[in-house]
Amino acid sequence: MKTYNVNEKGYYGEFGGAFIPEMLYPNVEELRQNYLKIMAEPEFQKEFNQLLKDYVGRPSPLYFAKRLSEKYNTKIYLKREDLNHTGAHKVNNTIGQILMAKRLGKTRIIAETGAGQHGVATATVCALMGLQCIVYMGEIDIARQAPNVARMKMLGAEVRAALSGSKTLKDATNEAIRDWINNPVDTHYIIGSVVGPHPYPDMVARFQSVISEEIQWQLKEQEGKTQPDYIIACVGGGSNAAGAYYHFLDDESVNLIAVEAAGLGVDSGESAATSALGKEGIIHGSKTLLMQTNDGQITEPYSISAGLDYPGVGPMHAHLFKTGRAEFISITDNQAMTAGLELCQLEGIIPAIESSHALAVFEHKTFKPDDIVILNLSGRGDKDLDTYINHFNL
Ligand SMILES: *Cc1c(COP(=O)(O)O)cnc(C)c1O
């Protein structure tokens, strides 16, 4: 059967794989050989589902947005990942990976973070399990994301500055990889999106797939059928989108829409619109689409939303783009901010700016009145208040 999911070699079509330094091979191979087995264990399933319910607060509601639907003359449901503990979908993955780490006998957790959201989600689950947590973060990001640095420290994590290169996310990732090479036995590296060498993209997609699993039965309750006509999600690395699409990937009656950050405009030189601008290359251990110069140097991305400010997409999304299975739309900073404010005033929900990018699709594309459109509201906007304040002079 034709599938858009990963194959046994870790590829989505031509994308994916594990392009890693030789010294990292034992760590990645240990994970690859064990992750499916561990995830299938009833005890693992039980503990994962229990924590998603009692700690994260799942299932997240599937909310029919009446006033937003009236405005755009279609049926819009919001999948409320913003209501999760810690304010976004990221915790679904970090809960899964901390349980995986424990089953593998690891006692020390490392992670990389850009804006700090994944660092906070990792520090949270390390506190929950009493494991040592070290988060690598670029020196520049530490300076501009002070509240998240404070959160991680309060949660008991050690934040280590990456001082090399541009002192941002990619340098933090390099430091984390270096750490993992030096500590192969006791350490697990929690990656925050559907990126990195196989099996990470598949493992993270499976942990996030709780989103589409819930959508199926929630939509059945409300509309009498399990499949929507459209699913819209923003894409940084691609984990919230992968989770929202997962159970619908091979059902082509469900249209998938992926929303990227166009920053100041796709052609402005200041964007993170990977599908529009990216070429094939290797980043963080997998073959995918990434923004690069003609010589193959990775281009610094830009977006007003920290979570979309990433120069690549995960291999699943590169494949969905290449095959045309998903429609990719780029949204600028201004369009996203306007759409975010509109949700506040039509529905009383302040969205994360990442999610606001997805919301801006309604100004771009017309849906039919009886279309059922599900938008994955990946996070809440509390963390973005300063950006909203500055943008709208509030
Ligand atoms: C991190 C983040 C994203 C982007 O990450 P994906 O892996 O693409 O989902 C989107 N929304 C929010 C709220 C985030 O915190």
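Structure first, text after, so check above.
Residues numbered from 1 in each chain as written. Predicted model: local features only at pLDDT ≥ 70, side-chain atom pairs only at ≥ 80, totals over all residues. Heavy atoms only, no water.

Caption draft 1: Region of interest: the packing of helix 1 (residues 25-40) against helix 9 (residues 200-208). For the pair helix 1 and helix 9, the least separation of the axes is 10 Å and the interaxial angle reads 15 degrees. Regarding the angle of helix 1 to helix 9, the classification is roughly parallel. Here helix 1 runs over helix 9; the crossing is left-handed. Across from Leu31, Tyr35, Leu36 and Met39 in helix 1, the residues of helix 9 making contact are Tyr200, Asp202, Met203, Arg206 and Phe207. Residue composition of the contact of helix 1 with helix 9, grouped by class: seven nonpolar, no polar and two charged. (Axes fitted to C-alpha atoms, helices over the stretch in contact; angles between N-to-C directions. Helix = DSSP H or I, 4+ residues; strand = E, 2+ residues; numbered from the N terminus. Parallel < 35°, antiparallel > 145°, perpendicular 65-115°, else oblique. Left-handed = near helix turned anticlockwise from the far one by under 90°. Contact = heavy atoms within 4.5 Å. Nonpolar A, V, L, I, M, F, W, Y, C, P; charged D, E, K, R; others polar.)

Caption draft 2: Here's a closer look at the site of the ligand. Near the ligand you find 16 residues, and of these Lys90, Ser193, Gly236, Gly238 and Ser239 are the closest. Ser193 places a side-chain nitrogen or oxygen 2.6 Å from an oxygen atom of the ligand. Burial of the ligand by the protein chains amounts to 97% of its free accessible area of 380 Å². Classifying every residue of the shell around the ligand gives four nonpolar, 10 polar and two charged. (Near = heavy atom within 4 Å. Polar contact = N/O pair within 3.5 Å; in protein donor to acceptor, adjacent residues only side chain to side chain. Areas by Shrake-Rupley, 256 points an atom, 1.4 Å probe, with all protein chains shown as cover.)

Caption draft 3: Fine view of empty space enclosed by the protein. Within this structure, the stated rule accounts for one cavity of 30 Å³ or more. Here the largest cavity defines a volume of roughly 40 Å³. Lining the largest cavity are Asn27, Glu30, Leu31, Leu104, Lys106, Trp180, Pro184, Thr187 and His188. Of all elements in the fold, only helix 1 and strand 8 (187-189) reach the threshold of two or more residues within the lining of the largest cavity. Of all the elements, helix 1 adds the most residues to the lining of the largest cavity, at three residues. Broken down by class, the residue content of the lining of the largest cavity amounts to four nonpolar, three polar and two charged. (1 Å grid on protein atoms, 1.4 Å probe; cavity = no way out; pocket = protein on both sides within 12 Å on 5 of 7 lines; lining within 4 Å. Points joined across faces, edges and corners; volume = space filled by probe spheres on them.)

Caption draft 4: Local environment of the packing of helix 14 (residues 333-347) against helix 16 (residues 385-392). Two elements in contact, helix 14 and helix 16, have axes whose closest approach is 11 Å; the angle formed by their N-to-C orientations is 105 degrees. Taken as axis vectors, helix 14 and helix 16 run roughly perpendicular relative to one another. Side by side, helix 14 and helix 16 meet where Asn334, Met337, Thr338, Gly340 and Leu341 of the first sit next to Thr387, Tyr388, His391 and Phe392 of the second. A breakdown of the residues in the contact of helix 14 with helix 16 according to their chemical character gives four nonpolar, five polar and no charged.

Caption draft 5: Spatial organisation of the pairing of strand 9 (residues 230-234). Counted residue by residue, strand 9 has five buried out of five residues, so it is predominantly covered. Covered by surrounding structure in strand 9 are Tyr230, Ile232 and Cys234 together with Ile231 and Ala233, the residues of both alternating faces. After leaving strand 9, the chain enters helix 11 (residues 239-245) and then returns to the sheet as strand 10 (residues 255-263), a path that is right-handed. Alignment of strand 9 against strand 14 (residues 372-377), held across three bridges, turns out to be parallel. (Buried < 20%, exposed > 50% of the residue type's maximum accessible area, 1.4 Å probe, protein only. Right-handed = clockwise from strand over helix to strand, strands pointing away. Pairing = 2+ DSSP bridges.)

Caption draft 6: Highlighting the layout of surface pockets. Taken as a whole, the second largest pocket holds about 320 Å³ of empty space. Residue lining of the second largest pocket: 15 residues in total, with Thr86, Gly87, Gln117, Val120 and Arg151 positioned closest to the centre. Those elements that provide at least two residues to the lining of the second largest pocket are helix 5 (117-129) and helix 7 (146-154). In terms of residue count, the dominant contributor to the lining of the second largest pocket is helix 5 (four residues). Of the residues assigned to the lining of the second largest pocket, the class counts are four nonpolar, six polar and five charged.

Caption draft 7: Quick peek at the pattern of salt bridges. Across all of its chains, the model carries 26 salt bridges by this definition. In this structure, Glu280 and Lys322 form a salt bridge, with 3.2 Å as the shortest nitrogen-oxygen distance. Highlighted residues: Glu280 in strand 11 (residues 279-283) and Lys322 in helix 13 (residues 315-323), separated in sequence by 42 residues. The exposure class of Glu280 is partly exposed, given its relative accessible area of 38%. A salt bridge links Lys383 to Glu354, with the shortest nitrogen-to-oxygen separation between them at 2.9 Å. In this pair, Lys383 is assigned in the loop between strand 14 and helix 16 and Glu354 in helix 15 (residues 353-359), connecting sequence segments 29 residues apart. Several salt bridges share partner residues, and in doing so they unite Arg58, Lys79, Glu81 and Glu214 into one network. (Salt bridge = Lys/Arg side-chain N within 4 Å of Asp/Glu carboxyl O.)

Caption draft 8: Inspection of the sheet that holds strand 14 at higher detail. Ordered in space as 3-4-14-9-10-13, the six strands form an open sheet in which the pairing is mixed. Two strands bound the open sheet, and with one partner strand each, they are strand 3 (62-64) and strand 13 (326-332). Ignoring strand direction, the axes of neighbouring strands in this sheet form an average angle of 25 degrees. The pairing of strand 4 (residues 75-80) with strand 14 spans six bridges and is classified as parallel. Bridging from a neighbouring strand, Ile76 pairs with Val373 of strand 14. Of the strands in this sheet, strand 3, strand 4 and strand 14 touch helix 10 (residues 210-223), which is tilted by about 135 degrees from strand 4.

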